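Coordinate inspection notes
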Amino acid sequence: MPHLLAKKQEEKTITILCVGTGSGQEPYSLAIMLNQAIPELRDWTISIIAADTSSSRLNRCQQGVFTTHEVDQGTPKKLVENSFENLDSTLRVEKSHRKLVTTQKLSLNTPIQSVPPVDLILARNLPSSFRSSHQKTMIEKLQSRLNPKGYMLLDRSCQGRTYEGLKALDNRFQIPVFTTLPGAEKPAPAEAVQEVV
């Protein structure tokens, strides 16, 4: 994040895409982290797109409601108190965090030009069971929506692989992290792209 923030200092906007978001744990964790740990971002425009193939999962994600069991797993008590509203048997993510997250139905088996250009892609939930050629095609689609000097975090099964137009970064967490190579072109705005069906 520090590298991304430095690159976006003038624009003060960051758009993040979470792929395979499920019921929303990843995008809301990210929203809470950005609000709590980096208070200087209050003056920035932050957009987190929670994308999934399932309408029912996206509907649940949009509500930002989780069971106490889901939230209590490894979440510090103080963070729960500061970031969630108690709704009797469930917990709802505070509005200040929810407003950063929008949902979008997305299948990587179809054109994805409806996704706006993004600065960070979290695609750690790409099925590792896919053939490498299929996985490569999906990553190329995601890359087509990545801004120059943007970052992409992938599934561990992508560790050690190479992708055209992307540079692998060394990191101590053993999570494959890539950035666009110099000279990468900015993606077309979502509203300016015509999808061919």
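All of these numbers come straight from a predicted model, not from anything done at the bench. (Residues numbered from 1 in each chain as written. Predicted model: local features only at pLDDT ≥ 70, side-chain atom pairs only at ≥ 80, totals over all residues. Heavy atoms only, no water.)

A short note on the pattern of salt bridges
Operational definition: Criterion for a salt bridge: a side-chain nitrogen of Lys or Arg within 4 Å of a carboxyl oxygen of Asp or Glu. Helix and strand labels come from DSSP, where a helix needs a run of H or I of at least four residues and a strand needs a run of E of at least two; each type is numbered from the N terminus.
Counting across every chain of the model gives 6 salt bridges. Taking the shortest distance from any N to any O, the salt bridge between Asp119 and Lys8 comes out at 3.1 Å. Placement of the pair is Asp119 in strand 7 (residues 118–123) and Lys8 in the loop between helix 1 (2–7) and strand 1 (13–19), with a sequence separation of 111 residues. Because the salt bridges share partners, they merge into one network encompassing Lys8, Glu11 and Asp119.

Here's the deal with the environment of Val65
Worth spelling out the cut-off: Whether a residue is buried, partly exposed or exposed follows from its accessible area with a 1.4 Å probe, protein chains only, as a fraction of its type maximum: under 20%, in between, or over 50%, in that order. We call two residues in contact whenever any of their non-hydrogen atoms come within 4.5 Å of each other.
Considering the arrangement of structural elements, one finds Val65 in strand 3 (residues 65–67). The exposure class of Val65 is buried, given its relative accessible area of 18%. Spatially, the C-alpha atoms of Val65 and Gln25 are 9.9 Å apart, while their sequence positions differ by 40 residues. Apart from residues no more than four positions distant in its own chain, Val65 is found in contact with Arg60, Leu87, Thr90, Leu91 and Arg92.

Structural notes on the nonpolar core
Just so we agree on the cut-off: Working definition of a nonpolar core: buried Ala, Val, Leu, Ile, Met, Phe, Trp, Tyr and Cys residues. They are joined through side-chain atoms within 4.5 Å.
Ile16, Leu34, Ile46, Ile48 and Phe84 are the most contacted members of the largest nonpolar core, which has 30 residues in total. Secondary-structure elements contributing two or more residues to this core are helix 1, strand 1, helix 2 (25–37), strand 2 (45–52), strand 5 (90–93), strand 7 and strand 8 (146–154). With 5 residues, the single largest contributor to this core is helix 2. If you look at the next biggest cluster of nonpolar residues, it comprises 21 residues, including Leu106, Leu142, Leu146 and Leu154.

Side note on the sheet that holds strand 10 (residues 177–180)
What counts, and what does not: If DSSP finds at least two bridges between two strands, the strands pair. Angles here are taken between N-to-C directions and fall from 0 to 180 degrees, while the axes themselves are lines fitted to C-alpha atoms, restricted in helices to the stretch in contact.
Spatially, 6-2-1-7-8-10-9 is the arrangement adopted by the 7 strands of the open sheet, whose pairing is mixed. In this open sheet, the two strands that pair with only one neighbour each are strand 6 (101–105) and strand 9 (166–169). On average, each strand axis in the sheet is tilted by 20 degrees relative to the strand beside it, whichever way the strands run. Sheet topology note: the strand 9/strand 10 ladder contains 4 bridges and is antiparallel. Across the sheet, Leu166 pairs through a bridge with Thr180, a residue of strand 10. Across the sheet, helix 2 lies against strand 1, strand 2, strand 6 and strand 7, angled at about 165 degrees from strand 2, the strand it touches most. Set on the sheet, helix 3 (residues 55–63) makes contact with strand 2 and strand 6; between it and strand 6 the angle comes to about 170 degrees.

Some thoughts on the environment of Leu120
Looking at the element boundaries, Leu120 is found in strand 7. When residues no more than four places from it in sequence are discounted, the contact partners of Leu120 are Met1, Leu4, Thr15, Ile16, Leu17, Leu146, Tyr151 and Leu153.

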